[in-house]
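Here is what each chain is made of, one letter per residue.
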Amino acid sequence: QVHLVESGGGLGQPGGSLRVSCEASGSFRSIPTMGWYRQAPGKERELVVNITSGGTIVVGDSVKGRFTISGDNGKNTVSLQMNSLKPEDTAVYYCFADVISYTSMRRTYWGRGTQVTVSS
């Protein structure tokens, strides 16, 4: 089983910055991809950013130029730096990890979500 623990987020101001982090723990062979989705009230869940173990990064159009992701393969962690915040960034941010088990099964795991609120 794999557990994802998120930290950070909270309340930020327009134009300000926040940071969220996620660590994966448990029993698994590897995690090829980790990243973040977000979901605002009444809205569809959308990709924010993801990163592979090889360093390939995919960033959602709505956050390009403002959000950056970094990873630590040894710790199975990712961090999302959110700059130039906008009110529309307000959402619950969910960490995800695509995991390969010791029996070579692939499954996606999700964190519980952490609230990010941007308001003046």
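Note that the structure is predicted; figures quoted are calculated from it, not measured. (Residues numbered from 1 in each chain as written. Predicted model: local features only at pLDDT ≥ 70, side-chain atom pairs only at ≥ 80, totals over all residues. Heavy atoms only, no water.)

Colleague: Which residues make up the state of the cysteines, and what values do they have?
Modeller: One pass over the full model with this rule turns up one disulfide. A sulfur-sulfur distance of 2.1 Å marks the disulfide that ties Cys 22 to Cys 95. The sign of the -85 degrees torsion about the S-S bond sets the Cys 22-Cys 95 disulfide as left-handed. Taken together, the positions of Cys 22 in strand β3 (residues 18–26) and Cys 95 in strand β9 (residues 91–100) put the pair 73 residues apart, joining distant regions of the chain. (Disulfide = S-S within 2.5 Å. Helix = DSSP H or I, 4+ residues; strand = E, 2+ residues; numbered from the N terminus.)

Colleague: Describe in detail the environment of Asp 89, supporting the description with residues and values.
Modeller: Turning to its location among the elements, Asp 89 is positioned in the loop between β8 (77–82) and β9. A relative accessible area of 0% means that Asp 89 is categorised as buried. Asp 89 sits 27 residues away from Ser 62 along the chain, and the two C-alpha atoms are 8.9 Å apart. Those residues in contact with Asp 89 that sit more than four places away from it in its chain are Arg 38, Val 63, Arg 66, Phe 67, Ser 84, Val 116 and Val 118. At 2.8 Å, the side chain of Asp 89 and the backbone nitrogen of Lys 86 are in polar contact. (Buried < 20%, exposed > 50% of the residue type's maximum accessible area, 1.4 Å probe, protein only. Contact = heavy atoms within 4.5 Å. Polar contact = N/O pair within 3.5 Å; in protein donor to acceptor, adjacent residues only side chain to side chain.)

Colleague: Residues and numbers for the packing of aromatic side chains, please.
Modeller: In this structure the tally under the stated criterion is three aromatic pairs. Between Tyr 37 and Phe 96, the ring centres sit 5.4 Å apart and the planes meet at 65 degrees, which makes this aromatic pair edge-to-face. With Tyr 37 in strand β4 (residues 30–39) and Phe 96 in strand β9, this pair connects stretches of sequence that are 59 residues apart. With 5.5 Å between their ring centres and 65 degrees between their planes, Tyr 37 and Trp 110 make a pair best called edge-to-face. Here the residue Tyr 37 occupies a position in strand β4, and Trp 110 occupies one in strand β10 (residues 106–110), the gap between them amounting to 73 residues. Judged by its relative accessible area of 23%, Tyr 37 falls in the partly exposed class. (Phe/Tyr/Trp six-rings, centres within 6.5 Å; stacked < 30°, edge-to-face > 60°.)

Colleague: Run through the sheet that holds strand β1 (residues 2–8), naming residues and quoting values.
Modeller: The antiparallel open sheet is built from four strands, whose spatial order is β1-β3-β8-β7. Looking along the sheet, the strands with just one partner apiece sit at the ends: β1 and β7 (67–72). In this sheet, neighbouring strand axes are inclined to one another by 15 degrees on average, regardless of whether the strands run parallel or antiparallel. Here β3 pairs with β8 via six bridges, running antiparallel. Across the sheet, residue Arg 19 finds its bridge partner in β8, namely Gln 81. (Pairing = 2+ DSSP bridges. Axes fitted to C-alpha atoms, helices over the stretch in contact; angles between N-to-C directions.)

Colleague: I'd like to hear about the pairing of β7, residue by residue, with values.
Modeller: With six bridges joining them, β7 and β8 adopt antiparallel strand pairing. When the sheet's bridge partners are listed, Phe 67 is paired in β8 with Met 82. With antiparallel pairing between neighbouring strands as the criterion, β7 and β8 make up a hairpin whose turn holds four residues, including Asn 76 at a positive phi of roughly 50 degrees.

In short, shape yes, function no, at least from these values alone.
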